[in-house]
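Examining the three-dimensional arrangement
The lines below spell out each chain.
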Amino acid sequence: FVISPSRIFTTELYDRFKISSYYIPNPIDRHLIEEKPEPKGDGSVIFIGRLEYEKGAHLLSQLAKILNNVKIHVVGVGSLKKSLLKSKPPNIFYHGFISGHKKYDFIQRSSVVIVPSIVQEMYPYTVSEALALGKPVVAFDLGGPKEQIEGSGGGLLAEPFEIKDFAEKVMYLLENPSEAKRRGLMGRKWVQENLHPDRYAKKLANVYEYAVIYSHCR
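First things first, this report covers the structure right here in the doc. (Residues numbered from 1 in each chain as written. Predicted model: local features only at pLDDT ≥ 70, side-chain atom pairs only at ≥ 80, totals over all residues. Heavy atoms only, no water.)

1. Brief notes about the overall build of the protein chain
Put simply, the test is: Think of it this way: any DSSP run of H or I at least four residues long counts as a helix, any run of E at least two long counts as a strand, and we number them from the N terminus. Type-normalised accessible area, obtained with a 1.4 Å probe on protein chains alone, sets the label of each residue: buried when under 20%, exposed when over 50%, and partly exposed for intermediate values. When charges are counted, neither His nor the chain ends are considered; positive counts come from Lys and Arg and negative counts from Asp and Glu. Every charge is mapped onto a representative atom, which is NZ of Lys, CZ of Arg, CG of Asp or CD of Glu.
Helix and strand content of the protein chain: 10 helices and 8 strands. The buried share of the protein chain, taken over its 218 residues, is 48%. Averaged over its 30 positive side-chain charges, the protein chain has a centre that lies 3 Å from the centre of its 24 negative ones.

2. Let's talk about the nonpolar core
Condition: Definition of nonpolar core: a set of buried residues of the types Ala, Val, Leu, Ile, Met, Phe, Trp, Tyr and Cys, connected through side-chain atoms within 4.5 Å. Pairs of residues are marked as contacts when any of their non-hydrogen atoms sit within 4.5 Å.
Among the nonpolar cores identified, the biggest contains 28 residues, and L60, L63, I72, V74, I114 and F166 are the most heavily contacted of them. Top element by residues in this core is helix 8 (residues 163–175). It accounts for 5 residues. Sequence-distant contacts of V74, defined by excluding residues within four places in its chain, comprise F47, L51, L60, L84, I92, F93, Y94, H95 and G96. Grouped together as the second largest cluster of nonpolar side chains are 25 residues, I33, V113, A139 and V191 included.

3. Comments concerning unusual backbone geometry
Backbone geometry places K18, a non-glycine residue, at a positive phi of 60°. Structurally, K18 can be placed in the loop between helix 1 (7–17) and strand 2 (22–23). One non-glycine residue with positive phi stands out, namely F161, at about 70°. Mapped onto the secondary structure, F161 falls in the loop between strand 8 (155–158) and helix 8. Of the residues examined, F161 reaches a relative accessible area of 54% and is grouped as exposed.

4. Some remarks on the environment of P27
Relative to the helices and strands, P27 resides in the loop between strand 2 and helix 2 (30–34). Sequence-distant contacts of P27, that is, excluding residues within four places in its chain, are made with Y125, L195, H196, P197 and Y200.

5. So, the sheet that holds strand 7 (residues 137–140)
The line we're drawing: For two strands to count as paired, DSSP must find a minimum of two bridges between them. Axis lines are fitted to C-alpha atoms, over the contacting stretch for helices. Their N-to-C directions set the angle, which ranges from 0 to 180 degrees.
The strand order across the open sheet formed by 6 strands is 5-4-3-6-7-8, and the pairing between neighbours is parallel. Each end of this open sheet is capped by a strand with a single partner; those strands are strand 5 (92–94) and strand 8. For this sheet, the mean inter-axis angle between neighbouring strands, taken without regard to orientation, is 25°. When strand 7 meets strand 8, the two strands line up parallel, connected through 4 bridges. Bridged to V137 within strand 8 is G155. Those strands touched by helix 6 (residues 125–132) are strand 3 (45–48), strand 6 (112–115) and strand 7, and its axis lies near 170° from that of strand 6.

6. Quick notes on empty space enclosed by the protein
This is how it is decided: A cavity here means a set of 1 Å grid points, computed over protein atoms only, where a 1.4 Å probe fits but cannot escape. A pocket is an open set with protein on both sides within 12 Å along at least 5 of 7 lines, and lining residues have an atom within 4 Å of a point. Grid points are joined across faces, edges and corners, and a volume is the space filled by probe spheres set on the points. Side-chain classes follow a simple rule in which Ala, Val, Leu, Ile, Met, Phe, Trp, Tyr, Cys and Pro form the nonpolar group, Asp, Glu, Lys and Arg form the charged group, and the remainder, Gly included, forms the polar group.
For the structure on display, the rule yields 1 cavity of 30 Å³ or more. There is about 30 Å³ of room inside the largest cavity. Every residue lining the largest cavity is listed: I24, P25, N194, L195, H196, R199, Y200 and K203. By residue number, the principal contributor to the lining of the largest cavity is helix 10 (residues 197–217), which donates 3 residues. Of the residues belonging to the lining of the largest cavity, the class tally is 4 nonpolar, 2 polar and 2 charged.

7. Some points on the packing of helix 7 (residues 143–152) against helix 9 (residues 177–194)
What counts here: These descriptions rest on fixed angle ranges, namely under 35 degrees for roughly parallel, over 145 for roughly antiparallel, 65 to 115 for roughly perpendicular, and the rest for oblique.
Relative to each other, helix 7 and helix 9 sit at 100°, their axes nearing to 8 Å. Between helix 7 and helix 9, the angle falls in the class roughly perpendicular. Contact residues: helix 7 offers Q148, G151 and S152, while helix 9 offers M186, G187 and W190. Considering only residue class, the contact of helix 7 with helix 9 consists of 2 nonpolar, 4 polar and no charged.

Encoded structure:
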């Protein structure tokens, strides 16, 4: 039995390998669901993740130059840290590795969460965290982020690898705070309805129960 957190990859597993799988999206920390969202934000943008090529970390400096009047907070570590710090424009603020409530506070203070991954990620937790806290997300039209944003309405998708389009989507949300708030709250509602840990546990238990019955019938 195979369990996939992504509907896209559930389809791909079958199309490529004829493997049937159970779609169960990964749950979110229940504390995030209980947190009171701060949808307004301070007009800044935040990137949280590994500073690696596949995460789009090499695009952050380009994005900052286009959004030259916008503060971009960067949280994370990785092999591209040195090159980022060497070439970063003055509107990038690097904070290193941060976790737990301090990370959530950073998300709460921001207005937009950016996920510029250039590969088809499965189901990035950063997107789920942002939506849970009522923050809109901008990502490329690829993989898991595409699925999460389209399913929730909690953000905007840019043409893959088009950094100018990505920047335009970010600016649209910053310049239209009511729309950003609307999308952020739509994302939060979607997380509450679909990623609650109790819902996940129930679905997972059903799969295991079916697996036990199936194994005894063989």
